[in-house]
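Next come the chains, spelled out residue by residue.
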Amino acid sequence: MTTTTAKTLTEETDPFCLPPARAAQLLAGSPWRRFAVAGDSLAAGTGGPSPGYTHLPWGDRVAGTLREVCPRLVYLNTGTIGATAADTLRRQLNEIVAFGPDLLHISCGANDLFRQRPDFDAVERTARRVFERAAGTGARLTTFTLGRAFHVPAFPDFPERVRAINAITLGLAVEFDVVVIDMWDHPVNSRPDLLSADRIHFSASGQAVLASEVVNALAHTLR
């Protein structure tokens, strides 16, 4: 018997990808009309193409699904490649707050891991200020934990760094009532073609899975 592998998957056959009609059905009746995303390249949806998948960032995908529910939905993404937690706080939150989101995703802290010696206490303090301001908008908040697929030869302890930033994220999520899309041990991490050529960012297949997981998490809050 032939088994479908990551190499033969397409967006239509991927078990972790929601068909567009199903995604819209799951969010039917959702109250969100102003969707915003802030943070780093994960927020921006940076990544390369994947055969068989539409080359579209996860945030754009989620916004598209929400527009199926509410065609007048407004979407803002300030995610910036290389942004640290401090960059997110200083350079993005004013615009986000002024936008007045009712659904807001925050992804920050990953780029702080690329310092020679990350100061996790400082990162936590800054990320807390980010989530404080985000919570002040009154929006439903979401965030990701980082996956385990990343390999950074310059930092042999990178998995431990990821665990540390994920622990910070999870703690803040409890504190600020944030919906967590937990990607640390998601099965998609085992796919050999998950990452883009830079070996840092999810490719289009990963972006499609991220979007579906966000929709599933939002649908859970609606239930």
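The structure under discussion appears in the preceding block.
Procedures and definitions
- Residues numbered from 1 in each chain as written.
- Predicted model: local features only at pLDDT ≥ 70, side-chain atom pairs only at ≥ 80, totals over all residues.
- Heavy atoms only, no water.
- Salt bridge = Lys/Arg side-chain N within 4 Å of Asp/Glu carboxyl O.
- Buried < 20%, exposed > 50% of the residue type's maximum accessible area, 1.4 Å probe, protein only.
- Helix = DSSP H or I, 4+ residues; strand = E, 2+ residues; numbered from the N terminus.
- Axes fitted to C-alpha atoms, helices over the stretch in contact; angles between N-to-C directions.
- Left-handed = near helix turned anticlockwise from the far one by under 90°.
- Contact = heavy atoms within 4.5 Å.
- Nonpolar A, V, L, I, M, F, W, Y, C, P; charged D, E, K, R; others polar.
- Polar contact = N/O pair within 3.5 Å; in protein donor to acceptor, adjacent residues only side chain to side chain.

> Describe the pattern of salt bridges, with residues and values.
Following the criterion strictly, the structure yields 10 salt bridges and no others. Asp157 serves as the salt-bridge partner of Arg161, at 3.0 Å between the closest nitrogen and oxygen. Given the relative accessible area of 33%, Asp157 is considered partly exposed. The salt bridge involving Arg163 is made with Glu160; its shortest N-O contact spans 3.4 Å. With Arg163 and Glu160 both in helix H7 (residues 158–176), this residue pair falls three residues apart, about one helical turn.

> Explain the packing of helix H6 (residues 120–136) against H7 to me, and be specific about the residues and the numbers.
Running from N to C, H6 and H7 point in directions that differ by 35 degrees, and their axes come no closer than 10 Å. H6 and H7 meet at a crossing whose hand is right-handed. When H6 is examined against H7, the residues Phe120, Val123, Glu124, Ala127, Arg128, Phe131, Glu132 and Ala135 are found in contact with a partner set consisting of Arg161, Ala164, Ile165, Ile168, Leu172, Glu175 and Phe176. Considered class by class, the residues forming the contact of H6 with H7 number 10 nonpolar, no polar and five charged.

> Kindly report on the environment of Arg140, identifying the contributing residues and their values.
Relative to the helices and strands, Arg140 is located in strand S4 (residues 140–144). In this structure the C-alpha to C-alpha distance between Arg140 and Asp102, which are 38 residues apart in sequence, comes to 6.0 Å. Contact partners of Arg140, with chain neighbours within four places excluded, come to Trp32, Asp102, Leu103, Leu104, Asp177 and Val179. A polar atom in the side chain of Arg140 sits 3.4 Å from the backbone oxygen of Asp177.

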